[in-house]
Each structure stands twice: as C-alpha cells, then as structure tokens.
Amino acid sequence: MTESGGGGPDVTQDLRVPWDEDPGDLYEHAPCGYLTMLPDGTIVKVNETFLAWTGYERVALVGRRRFRDLLSPGDKIYYETHYAPLLSMQDDVLEMAFDLVRADGRRLPILVNSILGRDPSGRPRVVRTTVFNATERRGYEKELLAARRLAEASEQRVGALQQVVADLAAAATAAEVGEAVVRAPGSAFGAVAARVWLLDPDRERLLALASTEIGTGTSVESGTGTSTEIGTGTSVESGAEPGAEPGAAADDDVPLGSSRPVAEVARRGDLHVIGSVEEAERHFPELAAPMRRSGHHTVVLLPLTAGFAGESIGADVLGVLSFAFAEERELTDSELRVVRLLGHQAGQALDRARLYDDARRREERATFLAETTRALDEVPRLMLRARRLIDRLVPEVAEWAAIRLQVGPAGLQAEEGGPAPDPVGLAQRVALVGTHGKAELTGGGPDPDYAVLPLAAGGKVLGTLALRMAPGRRTASADAVFLNDLADRAGLALENARLYEQERAVARTLQRSLLASDMPTDPRFALETHYQAAAHDVEVGGDWFDALLITPDRLAVVVGDVVGRGIDAATTMGQLRSAIRALASAEAGPARLLERLDRFVDRVESARMATVAYAEIDLTTSEMTYACAGHLPPLLAEPGAAPRYLLDGRSGALGTRAGRRTRLEHRLRLAAGSRLLLYTDGLIERRHRRIDAGFEMLARAYAGRRDSPLPGLTAGLAERLVGREHSDDVCLLCLAIGTEERLERAIGADPMQIALLRKDMRGWLASHDVDDESTQAVLLACSEAVANAIEHGYRNDPFGVVDVTAVVSAEAIEVKVTDRGDWRVAGEEVMRGRGLQLIHQVMDDVTFDRTDGTTVMMRRARREAV
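The text that follows walks through the structure, step by step, so that each part is easy to find. Just so it is clear, the model here is predicted, and its values are computed rather than measured.

Attention shifts here to the overall build of the protein chain. In terms of regular secondary structure, the protein chain is built from 21 helices and 37 strands. Counting all 866 residues of the protein chain, 49% fall into the buried class. A fraction of 63% describes how many contacts in the protein chain between residues 6 or more apart in sequence connect residues 24 or more apart. For the protein chain, the accessible area works out to roughly 41,900 Å², and carbon and sulfur atoms hold 51% of it.

For R745, the position within the fold is in strand β31 (residues 742-748). Residue R745 is classed as buried on the basis of its relative accessible area, which comes to 5%. Within the local environment of R745, its side chain forms a polar contact with the side chain of D760, the two groups lying 2.4 Å apart. Ignoring anything within four residues of it in the chain, the contact list for R745 reads R675, D707, S708, P709, E740, L757, D760, V802, D803 and V804.

Right, let's talk about the sheet that holds strand β29 (residues 675-679) for a bit. The strand order across the open sheet built from five strands is β20-β30-β29-β25-β26, with neighbouring strands paired in antiparallel fashion. With one partner strand each, in any of the chains shown, β20 (525-532) and β26 (644-645) form the two edges of the open sheet. Note: β20 against strand β30 (residues 730-737), eight bridges, orientation antiparallel. Note that in β30 the partner of T529 across the bridge is L733. Where helix α18 (residues 713-721) meets the sheet, it contacts β20, β29 and β30, and its direction lies at approximately 35 degrees from that of β20.

Contact geometry for helix α5 (residues 135-170) and helix α6 (residues 174-182): axes closest at 9 Å, N-to-C directions at 175 degrees. Classified by the angle between their axes, α5 and α6 sit roughly antiparallel to one another. Touching V164, D167, L168 and A170 of α5 are E176, V177, A180 and V181, all from α6. Residue classes in the contact of α5 with α6 are distributed as six nonpolar, no polar and two charged.

Turning to the nonpolar core, a few remarks are in order. Formed by 36 residues in total, the largest nonpolar core has its most connected members in L168, V177, L321, F323 and V339. Listed by contribution, the elements that provide at least two residues to this core are α5, α6, α7 (184-189), β6 (193-200), β13 (298-306), β14 (316-325) and α11 (333-377). Considering every element that reaches this core, the biggest residue donor is α11, with eight residues. Excluding residues within four positions of it along the chain, L321 makes contact with V181, P185, R195, V196, V300, L301, L302, L304 and L342. Grouped together as the second largest cluster of nonpolar side chains are 34 residues, L757, A781, Y794 and I839 included.

Let us now look at helix α12 (residues 382-393). In this model α12 runs 17 Å from its N-terminal to its C-terminal C-alpha over twelve residues, within 8% of the 16 Å that 1.5 Å per residue would give. Inspection of α12 places L382, R385, A386, L389, I390 and L393 among the buried residues, and these make up the whole buried set. Within α12, the buried residues cover an arc of 135 degrees as seen down the axis, which keeps them to one side.

Applying the stated criterion to the full structure yields 50 salt bridges. We note a salt bridge from R58 to E28, for which the minimum N-O separation is 3.2 Å. Linking R58 in helix α3 (residues 58-61) with E28 in helix α1 (residues 23-28), this pair joins segments that are 30 residues apart in sequence. Assessed through its relative accessible area of 29%, R58 is described here as partly exposed. Here the salt bridges do not stand alone but share partners, grouping D99, R107, R137, R138 and E141 into one network.

Conventions and cut-offs
Residues numbered from 1 in each chain as written. Predicted model: local features only at pLDDT ≥ 70, side-chain atom pairs only at ≥ 80, totals over all residues. Heavy atoms only, no water. Helix = DSSP H or I, 4+ residues; strand = E, 2+ residues; numbered from the N terminus. Buried < 20%, exposed > 50% of the residue type's maximum accessible area, 1.4 Å probe, protein only. Contact = heavy atoms within 4.5 Å. Areas by Shrake-Rupley, 256 points an atom, 1.4 Å probe, with all protein chains shown as cover. Polar contact = N/O pair within 3.5 Å; in protein donor to acceptor, adjacent residues only side chain to side chain. Pairing = 2+ DSSP bridges. Axes fitted to C-alpha atoms, helices over the stretch in contact; angles between N-to-C directions. Parallel < 35°, antiparallel > 145°, perpendicular 65-115°, else oblique. Nonpolar A, V, L, I, M, F, W, Y, C, P; charged D, E, K, R; others polar. Core = buried A, V, L, I, M, F, W, Y, C linked by side-chain atoms within 4.5 Å. Expected span 1.5 Å × (residues − 1). Arc of directions from axis to C-beta. Salt bridge = Lys/Arg side-chain N within 4 Å of Asp/Glu carboxyl O.

Okay, structure coming up:
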C-alpha cells in the first residue's frame, strides 16, 4: 500500500466499480446532449440524450441538418453574428443561451459549450458541442426578472407618489392641486388619460378641474372652455370623464345626484375599478359606450378624501380622480394601496387649498367691505351713495344689482348690469323683504341664484338691495354672511346719507329764512343777490347780506361774515342784521354805525371778529359812503373803466381789541350805470393759492360780465369761481346804480340767457318811465330777435355772442340786435317766419343789415308821445 502525499494511505488504487462501464452507453445517455459537427455546422454525430430532449430521429439530423437550423429565428441571427465569429476567433464558446425548436415545434431553452478542433495545419476540422437543458434555469431567471420588474414598478410608483406629495405640498389652490394630481396616474401606473373633478358643495355639483391625455405627455384644461368659479374660488374648465371620446364636449358640471359613475363615487366615497367594457355595461351603462369610442378598457374612479388615511367613515369627499388604461388592467393589492394613498394625499391638499381659499376670500371680502365703506363715505348725498354702491357691486360681486329706497313720495331707485331677474318674482320678494326685514336667497326656479337683502338701520327698513350672482361664482347662499354684512353696512351708510340730506335741507331753509328776502325796489337802482351754501356741510353758515332804504333817497347795502358755523353763528348773524337795521340812520353814516356795532359786540361775545362791508348811497346825488370792518374790499365796475377794488375806509373786524378803535369811511361819486359788488371770502379764498390770485380772478370774471344782464350775474360769478363742490359758504350782492342812458348787453348763444336779458331790460325800461304797453312790445320783439340769432345765426357755434343795444328818447325806443353768425343753409337764408311776423306786428319800424353777420334794428314810438 502506498501513502498519499497527505501522509495517509492512497486508497484510490483499491476503488473498483462493481460493474463494467460501457463508454458507448456513457456517451449516449450522458446528462447532457453531445453533438459533433463539421465546421459548417452539419451534424455528424448526436447522442441519445439530445434526441430524447428534442424528439428528433437520428436519421433526421445526422448529415441532414445543421445546428443553426434547429434554432429559433431570432437565435439563428444570433448564431451568425455572435456564436460563429467567437468560435472561429477563440476556438471555444461557453454557456451561450439559445432557444432550440423541438420536433413538435415547442421551444427548449438550452446552454451551449463548443470546442473547435483543428488539423495539424490549423484548419478547422470538427466542432464538439455539449447542450444542457436550461428550462429550470430559464424559469428561475424569469421569476427573478419579474421580481425585479415588480420592484422597479413599485419604486417608480413610490417615486411618482413622492413627487406628487411634494407638488401637493407646494400647491396653494385647487387648480394647482388638480395639475399635480392629474399627472400621477400616468407616471405611477401607466394610465393613458386622467381627469380631476372637484366637488362644489354650494351647488352640489362636480366640476372638472383638470385633465390630461397622458399618452401625449401634456396636461390640458378640460372641456368646453367655460371658466367657472367653484367652491374654492378657482377657475376650472369642464369636460368628460376618462372613457369618453377624446375631444368630446360635455356638460360644464355633473350634478351630485346624477347616475354618472363619478357622481356615485363622490356620494359614496368608495374606490371603483371598472375592469372591462363588459363590466361597465353591467354596472355603469353610461360609461360603456364612451370607453369603446376612446379605446379605454379599464377605468379607475378614486374619491379624494380629507380625513385619516385608510378610514372612510367620517371622511369628507372633496373631489374625484378618474383615470383609464388602454388595455384591461388588474391592479394589485399594492397598487390599490398606492391609489388610495394618492386619493388621501390629494384630498388633504384640496382641504388645505380650500382653507387657504376661504382665508383669502375672507380677507378679500373684508377689504372689499372696508373699501366700499370708505367709498360711500366720500359722497354724502343719498342718490350718489346708492349709485356708487351699485358701481362697486357690478361686476365684482354680481352681474346685476338694484337698489330701491323708500324715500320720498316716489322713492329712489338705482340699477346696473343684467340680465335682471323675473320682474314679478322680484317684486314679490322685494315686498316680502320690505315687510319682515329678512334676506331672501333664491335657490331654484327661473332665476336660481339671486338675493334680495334688506337695507336697514336702527331697526327700520330703508329699502332693499337685489343682486343676481354671476354664473360660476359663489352662490348667494354660500355668500350669505358676506352679503348680510354688506347690506348692513350699506343700509347704515344710506341712512346716514338720508339724515344728512334731511338736516341739510333744514339748514338751507333756516339759512335762507335768516337772509333778507324783502329787498327794496326803486327805478334808480337794481339789486341782484346770490347765496350758495357749502357743498358738504349741514350746518348753518354765518355769511349774510341785506339791503334797506334808510330814507326814501338813501339806500344801505351790507354783506357780513360771522366767525364759526351752526346755530350760534346763525343766531349771531340774525342779531347783527337786526342791529344794523336798528342803528342805520341818515345822520350816522358807515363809520359811526361800525363804532356802535363795536359796543354791541361787547355785549354779544359770539359776534366778536365778525366782518362787515357796509355802504350807503344817496340816490339823488349818486354819492356813496362806505366802510369795511375787516371785510374783503368791494369791487366797483364803472361804465368805460376796468373794475377796481375800493381799498379805502378800512378798519379791523368788529370787537377787535388790537389797533385803533376809531372807524374809517370813504366817500365817492358813482357814475350812472355803475355796478358795486359786495362778497364774502368763500368766493375767492382757497387754501392752495394766495389771496391776490383770487382777487385777480374775480376782477377778470367781473370784467368779462360787464355787459351781461344784471339778473343772473352773481350766480354766474359763483359758478365760474366756485362751482358746485366747495367747502365754504358764498354770499354776493351786486348793486346797479343810476339809470343807464344807453343799455348795452352781450349775452352768450344760450336760450336760457334770454329770460335774464328780458328781466334786465324790463327794469331799465321802467327806470325810463316807458309805458307798460311799449315795454311789453319791446321785450317781445327783442326776445324774438335774440332767439332767431341764437337758433339760426349760431346754430353750429355754441360760443357765439349776441349784442343788444337799446336807447330811449322822448319820442321812441330803439333796439338793435347784432350777431356775427351764418344764417345760410345750403345757399338759402333762414329766418323764423312766425318770429319775424311778431316783430313786425309789435314794432313800428324793422330793418335788417347783413353786411357783417345780421343786425336787426327795431323802433317803436312811445305811446305817451303819440
């Protein structure tokens, strides 16, 4: 016995197989197939094992078939491109996988090892190949590959879900949530179409928020292109649920109570998987036809819920996600868990968006209410406030709004927008709200969404506010809190405006009752006054004017201003006016009158610092004596001269304790036809300019009206210098002294000026003792001539001027009316036939001169002289 190299006895020499091994049997029944092939692949020898695996007969292979002929079509190409070149280059090929086609056509997975034998000269001589059955191995490989694919798909779904969660965390609005969610089914499950529906609880409808044809890789707005404001305040587009024909139009929304699958999922809050068209026909017939048209074979309807994950009880359904597959698809349990998790995450995001939108809307509504309150406070008048409220509401809140106020015998009404609700139903609801004072919010009928709100203050219903909400916006019921708050604020603002106008009317009545109303009249002078209260002040002012005949031949005029406003100022004004009337006398004169007023002020403290401009005119000599106690200087316009301010006879305000106490006065003679203007500071004083500029503006305006009729002169000056929106009272008194020998007036091309001219001319004719019949005739003829000049001469020129000149002699009255307009129309001269006839009837002589414009010269003999 020999020993092995390890030190022990070598027993291999003693091992003997108890039977005789047959080499041929070992070859034929080896655990692998043996092939011997020529270099071109022709099989020349094959063992029994290979024949048993493949089902071929030996005679069918040996010398008849090449090895590549037994391979599948794809493997034949692989044989030529990989196996053969490798064998030729390296003389062997190890564990190359092929699919061998058996005799019955089935495929057998195999692993091939080949060795290329060469002759002494190195030329290929034989190929020896072993073939191993790889069926089990291929099964293991498929299982491993399937497991890897499942893992990759799961990882892809998790990644997609993580991305969606990240996008949802950044989404602040429902539209952004919809855009994030609608992409998830494609990336996570391979869906080809998806749509997100949002539940509008106010209208109990589902609105399509976003949709996508995932196969195109683009996310699009859904539906017909009609923008709609939903419960969360987002703009969405509507469309059909997955399974519908691509591009097909659908209703703008789906009623929550409808039989459509998406509505049922929203009601029940359960996940629905429609696995096939046949299943859709059994359970959701409405969905089957659209699925066939669009080529969708499986549809998933997932409720988007807010609540605890995995719990359906108590979950709030906020929307529905629907997505579809192009083939029938059975979702695994893990996929269904991911789907439900997606619905929960999307629901939570929608809930956050809803809360965010509610907070944003509350902030916007609060801002709107605050701005509306400020806007209404800017206008004190009732109708202006009502109009401004309507302008604020349409179209920002409603598409139509109307205010009806129970003020005055006819009431007030403001309306804007449209279309208006049914008038009969609206009138009934307005009457109902006006009776019980509670809001009426409609939810059905021909006008499904309008509201009638009471405008009340202090428990009293002032009127109603009716609103028709715009389609797609929040309903009146959903906005009930905001609308009631708006109505409360509007009612209070309108009631304050009503009280303001009421107090303002009382104040104006009181103010005018305190002003002189019984102005003296005399052919030797003419008076024109104007009082204009502050635009936004309901208190009585302290500005006043007065005129009185001290003696039959001595006229006194006065304009004053008491410090302050209100009842105290009005009382003081009345006391001063009465004091002046009591103290004025022919012997006293202006200076002594003011000194006596100083002593009066010592006893009436509220009259201290009042200002007065006082003048006395001797009507026989036209001599005027005047004095100003702290008041603005009178403005005198004499015939042929520019207006000038009378700056003499000035001293401090009444009761002033500073400076000299002696009052000054000044005397001057007035030419016939002079006009004296007394006024208060509201006419010229402004905070944004120097008073010198105000004096200059008044002088220019007064000069521009030198030839205007006295009636309307003071009102015109106030309109020119102050306007309607002013912050202080304005008081004017204009005195025309003496009888003008020649009346010269220039009026604008405005028919309203004719009445003022007629009034002015009537006084002038009376001052010349013209008889009544002649006066009426001259006034009629002059009015007709001026009307013709305005209507025809200045028909296209609203800025034209008509000059009127009149002269009275002992024998006749002569009047001349001149314009510089164009009386021709298409080559024809125009003249009012009836007016011309009247002129000829009442005047003795009428001539026309059309050299430069048109001049009408009229003459009528005085009846006293006939």
